[in-house]
Amino acid sequence: MDQEPSVEEQLISKEKEEKEKKLKAELAVAVKGDEELELLLMCIEDGIVKAEAIALETNWDITRVYNANKRFRRLALKILNQSNSM
Amino acid sequence: MKNKDFTTSLYDFMADTEGLTKEDIISELEVSGVDAKSLGKKISKLVNRCSEDRRLAWRINAKQKRAEIEDLFKSNKVTPSFTNLKQKMLDILSGGYGIEASSYAEAYFRKKGELSEDDIASLIKDLENLNLLEENGNKKE
């Protein structure tokens, strides 16, 4: 039997949703104009996070995936560190 | 394909270090404000302490076990009087100390044609210790 979420749970869920939206937006801005990183962000949004799976999805060779991953990580780390320090 | 939220996916992606060199990881840690050298030292210290604790725990357990067995043997004093020995032998052979003890005793007698009082005392001591160990093992189970 499904129970209605409590007011507190609803608030937490809303806050989580907002944070997620903000994080996505910040990442989208950061990767804008870089085709590889834009594609990588789309993969992550779809839950494709392993290098091999990304290579299959994008048709890139694994070295290209590794290099794109590194560049994406640098940007993401900056954004995550900023949002964690707030 | 999508069955988890974006934040989880992003953290899963960030947690996967495939394709990263040691230097990449150190540099990422530093960007996040972590002193990689000091972290490495702390981890190595922790690992050493844990492995030392584990080694000592093994020794302490072994020591405790030995003390328990020694106590068990000490508490079981056999009076070496002949009547006592004779009665005990009859008890053992009638199965009073369990089937294992009686078959052990039977085998012992078959091997030895003649038995001295010391032989019997030593055999009884062994069987009693065996019995006590079995009882102790059953209690623990």
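Parameters at a glance
Residues numbered from 1 in each chain as written. Chains lettered and ligands numbered in written order. Predicted model: local features only at pLDDT ≥ 70, side-chain atom pairs only at ≥ 80, totals over all residues. Helix = DSSP H or I, 4+ residues; strand = E, 2+ residues; numbered from the N terminus. Buried ≥ 20, exposed ≤ 12 C-beta atoms within 10 Å, placed from the backbone. Contact = placed C-beta atoms within 7 Å. Core = buried A, V, L, I, M, F, W, Y, C linked by C-beta atoms within 7 Å. Nonpolar A, V, L, I, M, F, W, Y, C, P; charged D, E, K, R; others polar. Axes fitted to C-alpha atoms, helices over the stretch in contact; angles between N-to-C directions. Parallel < 35°, antiparallel > 145°, perpendicular 65-115°, else oblique. pLDDT = per-residue confidence, 0-100.

Let us now look at the overall build of chain A. Along the backbone of chain A there are four helices and zero strands. Taken from N to C terminus, the helices and strands of chain A fall in the order α-α-α-α. Counting only residues that meet the buried cut, chain A has 19% of its 86 residues in that class. Of all intrachain contacts in chain A linking residues separated by at least 6 positions in sequence, the fraction that spans at least 24 positions is 41%.

The next subject is the overall build of chain B. Within chain B, the regular secondary structure consists of six helices and zero strands. Taking all 141 residues of chain B together, the buried fraction comes to 7%.

What follows deals with the environment of Leu 27 of chain A. Here Leu 27 of chain A is to be found in helix α1 (residues 7-31). When neighbours within four sequence positions are excluded, Leu 27 of chain A is seen to be in contact with Leu 41, Ala 76 and Ile 79 of chain A.

The backbone of Asn 59 of chain A shows a phi angle near 65°, a positive value even though the residue is not glycine. Looking at the secondary structure, you find Asn 59 of chain A in the loop between α3 (51-58) and α4 (62-85).

Counting residues in each nonpolar core, the largest one holds 16 residues, and the members touching the most others are Leu 37, Leu 40, Leu 41 and Ile 44 of chain A. A total of five residues in this core trace back to one element, the largest contributor, which is helix α2 (residues 35-45) of chain A. Contact partners of Ile 44 of chain A, with chain neighbours within four places excluded, come to Val 49 of chain A together with Ser 9, Leu 10 and Phe 13 of chain B. If you look at the next biggest cluster of nonpolar residues, it comprises five residues, including Ala 101, Leu 123, Ile 124 and Leu 127 of chain B.

What follows covers the interface of chain A and chain B. As a measure of interface size, the accessible area lost when the parts come together is often cited. Each side of the interface is counted separately: chain A has 18 residues, and chain B has 19 residues. Those elements that provide at least two residues to the side of chain A that touches chain B are α1, α2 and α4 of chain A. Here the side of chain A that touches chain B takes seven residues from α4 of chain A, the largest share from any one element. Of the residues assigned to the side of chain A that touches chain B, the class counts are eight nonpolar, three polar and seven charged.

Attention now moves to the packing of α1 of chain A against α2 of chain A. All names here are of chain A. Contact pair α1 / α2: the axes reach a minimum separation of 9 Å and the direction vectors enclose 155°. Regarding the angle of α1 to α2, the classification is roughly antiparallel. Note on element contacts: α2 touches α1 through Leu 37, Glu 38 and Leu 41, opposite Leu 27, Ala 28 and Val 31.

All right, on to the confidence of the model for chain B then. All names here are of chain B. Per-residue pLDDT for chain B averages 76, and the proportion of residues at 70 or more is 65%. Considering each helix and strand of chain B separately, the mean pLDDT is smallest for helix α4 (residues 82-93), with a value of 67, and largest for helix α1 (residues 6-15), with 93. Scored as a whole, the predicted complex attains pTM 0.55, and scored at its interfaces, ipTM 0.86.

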